[in-house]
Amino acid sequence: MSGSGLPALLLTGGSGQVGLALREAPPAGFQVVAPPRTELDLADAGSVRRWVGDRPWAAVVNAGAWTAVDAAETHAAEAWAANAHGPAILARATAERGLPLVQISTDYVFDGGLDRPYREDDPVGPVSVYGASKAAGEMAVAALNPRHVILRTAWVYSPWGANFLRTMLRLAETRDALSVIDDQAGCPTSALDIAAAIGAVCRRLADPAPQPAGIFHFAGAGETTWYGFAARIFERAAQAGVRAPALTPIPSADWPTPVRRPANSRLDTTHFTRTFGLSPRPWTEATDEVVDRLTGAGERQGGRA
Ligand SMILES: NC(=O)c1ccc[n+]([C@@H]2O[C@H](COP(=O)([O-])OP(=O)(O)OC[C@H]3O[C@@H](n4cnc5c(N)ncnc54)[C@H](OP(=O)(O)O)[C@@H]3O)[C@@H](O)[C@H]2O)c1
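Structural notes, computed from the coordinates. (Residues numbered from 1 in each chain as written. Predicted model: local features only at pLDDT ≥ 70, side-chain atom pairs only at ≥ 80, totals over all residues. Heavy atoms only, no water.)

### Let's talk about the sheet that holds strand β4 (residues 101-106)
Put simply, the rule reads: Following DSSP output, two strands are said to pair if at least two bridges run between them. By definition, any uninterrupted DSSP run of H or I lasting at least four residues is a helix, any uninterrupted run of E lasting at least two residues is a strand, and each is numbered from the N terminus. To obtain an axis, a line is fitted to C-alpha atoms, over the contacting stretch when the element is a helix, and the angle between two such axes runs from 0 to 180 degrees between their N-to-C directions. The contact criterion used throughout is that any non-hydrogen atoms of two residues lie within 4.5 Å.
Read across the open sheet, the six strands follow the order β2-β1-β3-β4-β5-β10; overall the sheet is parallel. Here the strands that pair on one side only, and so sit at the sheet edges, are β2 (31-33) and β10 (214-217). Averaged over all pairs of adjacent strands, the angle between strand axes in this sheet comes to 25°, irrespective of strand direction. Where strand β1 (residues 8-12) lies against strand β3 (residues 59-62), four bridges are found, and the strand directions are parallel. Residue pairing for β3: Leu10 is matched across the bridge by Val60. Strands β1, β2 and β3 of the sheet are contacted by helix α1 (residues 17-24), whose axis makes an angle of about 155° with β1. Running over the sheet, helix α7 (residues 191-205) touches β1, β3, β4 and β5 (148-153) and is turned about 165° from β5.

So this is what it looks like as structure tokens:
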């Protein structure tokens, strides 16, 4: 435990993309305490209650989740334990102590059929076990702790873990050509930006002023498809000398997966920006930053400066 004396945030999922981003850049004015899953398991009510009761946290941030979308179909019990029952336990435990709970959620609570970016009050309609379990987690948090902020995001990538950007850079090492889906639209979102968004939320929740509660959407500004995302990744990586594979756009039908992905994953972030005073960066800028980190371009530029 840190002895910095700063108010502390209890973080679940500290080894995941969002968790690592928060630990790398803790929100200004806070320290982040991130017990590993062996100590704080969302599926273990006793461990959750022990940690929530450990000290007067400024807030609890739940970035822990079962995120393997396809595998959730055959591991529904584990997915529901982490994504729905765990948040319910957290919500009860935090509410008993009057603590705010920031719950990270997903565009997969929607079916993707809408023809505009999703707003917070659009009806949910998950089409997968993962989406249904996350939607149930949202409902539990909202019902059990009035001091909740549910932050839905989408298409998360980072310098760590399993994500589309890292997969593309890995494939660039061995493949001359790649086919990438071009009929799903979304907002790629850097975990580094999500960490900054969580920081803005936690600062606001620490204010004595009336505190916002409810659902908020946060995602990279603008929109693209997986094909457009891949093209940007390779365009930027090429500047660092990475050989780009030839890209072919394909329809989702040509890339069958156990779970159908939403055709529309776009999130309207107006409500978040109005409430917390932070506008998401253009997805292109945030993508370039992570590509540069992974290709070492930033270091080389730094070395030349
Ligand atoms: N990835 C995306 O594209 C995406 C999109 C929209 C929303 N989100 C949401 O964003 C949040 C963070 O996602 P991410 O991409 O950072 O996830 P991630 O990289 O897959 O990491 C998941 C984290 O959750 C932890 N975890 C899993 N089961 C747990 C349990 N039972 N108890 C405690 N911790 C547990 C994992 O710990 P271990 O290391 O021990 O496994 C890991 O630290 C999640 O709520 C996710 O639903 C993600």
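Right, picking up where we left off after that structure.
### Describing the site of the ligand
Using the following cut-off: For this description, a residue counts as near a given molecule or strand if any of its non-hydrogen atoms is within 4 Å of it. Here a polar contact means two N or O atoms within 3.5 Å. Within protein one must be a hydrogen donor candidate and the other an acceptor candidate, and residues neighboring in sequence count only if both atoms are side-chain atoms. Surface exposure here means Shrake-Rupley accessible area, sampled with a 1.4 Å probe, where a residue is shielded only by the protein chains that are shown.
With respect to spatial proximity, 24 residues lie near the ligand, and among them Ser15, Arg37, Thr67, Tyr130 and Lys134 are the closest. Gly16 has a polar backbone atom sitting 3.0 Å from an oxygen atom of the ligand. Between Tyr130 and the ligand, the recorded distance is 2.7 Å, taken from a side-chain N or O atom to an oxygen atom. When the ligand sits alone it has 910 Å² of accessible area, and the protein chains cover 81% of it. Sorting the residues of the shell around the ligand by element identifies α1, β4 and α5 (129-144) as the ones contributing at least two each. When residues in the shell around the ligand are grouped by element, the largest group, three residues, is from β4.

Such coordinate-based values are descriptive only and should not be taken to indicate function.
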